[in-house]
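Residue strings, one per chain:
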Amino acid sequence: MIERILPPEVASAEAFDDREAVALFPEEEAVVARAVDKRRREFATARGCARRALAVLGLPPVPIVPGERGAPAWPAGVVGSMTHCDGYRASAVAREERVRTVGLDAEPNEPLPDGVLEAIATPPERAWLQRRDGDRSGVCWDRLLFSAKESIYKAWFPLTRRWLNFEEAVVTPDPEAGTFSSRLLVPGPVVDGRALTGFTGRWIVSRGLVATAITVPSRPGPPR
């Protein structure tokens, strides 16, 4: 599923359950040593997905432990993202020389719990959602908005090492194209000599899930 919204230079792997037996490295075992079984299984399956994706790049399996603010610590020269929700785990990775950052998120295609939308949506986003009232596409647009913002943060943090609040980016989905754009309301990072003012991404709804992905390709050479 997830490969349909990622470019060819990004390798990915996914799982819809935790049946695969994944051997954890000691560093990873330490992270989940006191975790409940559900947390341990989803953690292990996500690492299994990450190792399968790394193998597509021709890279060996390595421990992937949470780093600063919980972001996965990838091998040198690799960028990537992981996500997990009920019934789904996935990872996407790329070589840094080709891609500067990846943001990936998956959620159940269900309405957000009460109170969440008010906490994460800006006035323009709430107005956009109101215009989708009565939509019969089967897409839970509020959940898509939430997923897009999660992907934005996952793409943002490796470039900045800074927090980004939900209200600091405005997301506009394109229902027909299966894409979304976002406008940053705070100064963005400089990537390959260019100031980043927003992100663009893609989304998909399949198998009861909504998934979003952002990829920022590298641009070698001086800016034009």
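Refer to the structure printed above.
What counts as what
- Residues numbered from 1 in each chain as written.
- Predicted model: local features only at pLDDT ≥ 70, side-chain atom pairs only at ≥ 80, totals over all residues.
- Heavy atoms only, no water.
- Helix = DSSP H or I, 4+ residues; strand = E, 2+ residues; numbered from the N terminus.
- Rg over C-alpha atoms; globule rule 2.2 N^0.38 Å.
- Buried < 20%, exposed > 50% of the residue type's maximum accessible area, 1.4 Å probe, protein only.
- Contact = heavy atoms within 4.5 Å.
- Areas by Shrake-Rupley, 256 points an atom, 1.4 Å probe, with all protein chains shown as cover.
- Lys, Arg positive; Asp, Glu negative; His and termini not counted.
- Charge placed at Lys NZ, Arg CZ, Asp CG, Glu CD.
- Phe/Tyr/Trp six-rings, centres within 6.5 Å; stacked < 30°, edge-to-face > 60°.
- Salt bridge = Lys/Arg side-chain N within 4 Å of Asp/Glu carboxyl O.
- Pairing = 2+ DSSP bridges.
- Axes fitted to C-alpha atoms, helices over the stretch in contact; angles between N-to-C directions.

Turning our attention to the overall build of the protein chain. In terms of helices and strands, the protein chain carries 5 helices and 10 strands. The globule rule puts the C-alpha radius of gyration for 224 residues at 17 Å, and the 17 Å found for the protein chain is close to it. Dimensions along the principal axes, computed over C-alpha positions, put the protein chain at roughly 50 × 45 × 30 Å. Counting the 224 residues in the protein chain, one finds 47% classified as buried. Pairs at least 24 residues apart make up 60% of the contacts formed inside the protein chain by residues separated by at least 6 positions. Carbon and sulfur atoms make up 52% of the accessible area of the protein chain, which amounts to about 11,300 Å² in all. The average position of the 30 basic charges and that of the 30 acidic charges among the side chains of the protein chain differ by 4 Å.

Tracing the chain through its elements places Val62 in the loop between α2 (37–56) and β2 (78–85). Accessibility expressed as a relative area gives 21% for Val62, which makes it partly exposed. Taking the C-alpha atoms as reference points, Val62 and Trp74, 12 residues apart in sequence, are found 8.6 Å from one another.

Okay, the packing of aromatic side chains next. Inspection of every chain in the model, using the stated rule, returns 6 aromatic pairs. Judged by centre distance (5.5 Å) and plane angle (80°), the ring pair of Trp128 and Trp141 falls under edge-to-face. With Trp128 in helix α4 (residues 123–131) and Trp141 in helix α5 (residues 141–160), the pair connects residues that are 13 residues apart, well separated along the chain. In terms of burial, Trp128 and Trp141 fall into one category: buried. Arranged with centres 4.8 Å apart and planes meeting at 55°, the rings of Tyr153 and Trp163 form a pair that is tilted. Taken as a pair, Tyr153 in helix α5 and Trp163 in the loop between α5 and β5 (169–174) lie far apart in primary sequence, 10 residues in all. Accessibility expressed as a relative area gives 17% for Tyr153, which makes it buried. Under the relative-accessibility criterion, Trp163 is labelled partly exposed at 47%.

Next up on the list: the pattern of salt bridges. For side chains of opposite charge, pairing can occur when their charged atoms come near one another. Throughout the structure, instances matching the rule amount to 16 salt bridges. Among the ionic pairs, Glu29 bridges to Arg40, the shortest N-O distance being 3.0 Å. Pair noted here: Glu29 is in helix α1 (residues 26–31) and Arg40 is in helix α2, with a separation of 11 residues, a long-range link. Across the pair Glu68 and Arg161 runs a salt bridge, and its minimum N-O distance is 3.4 Å. With Glu68 in the loop between α2 and β2 and Arg161 in the loop between α5 and β5, the pair connects residues that are 93 residues apart, well separated along the chain.

This brings us to the side chain of Lys149. If you trace the backbone, Lys149 turns up in helix α5. Accessibility expressed as a relative area gives 5% for Lys149, which makes it buried. Sequence-distant contacts of Lys149, defined by excluding residues within four places in its chain, comprise Ile120, Ala121, Thr122, Glu125, Phe166, Glu167, Ala169 and Val171.

Let us now look at the sheet that holds strand β1 (residues 11–15). Spatial strand order, β1-β3-β2: 3 strands in an open sheet with antiparallel pairing. Two strands bound the open sheet, and with one partner strand each, they are β1 and β2. This sheet shows a mean twist of 10° between the axes of neighbouring strands, independent of strand direction. Two strands pair when backbone bridges link them, and β1 and strand β3 (residues 88–95) are joined in this way by 5 bridges, in the antiparallel orientation. Bridge pairing in β3 places Ala11 opposite Val93.

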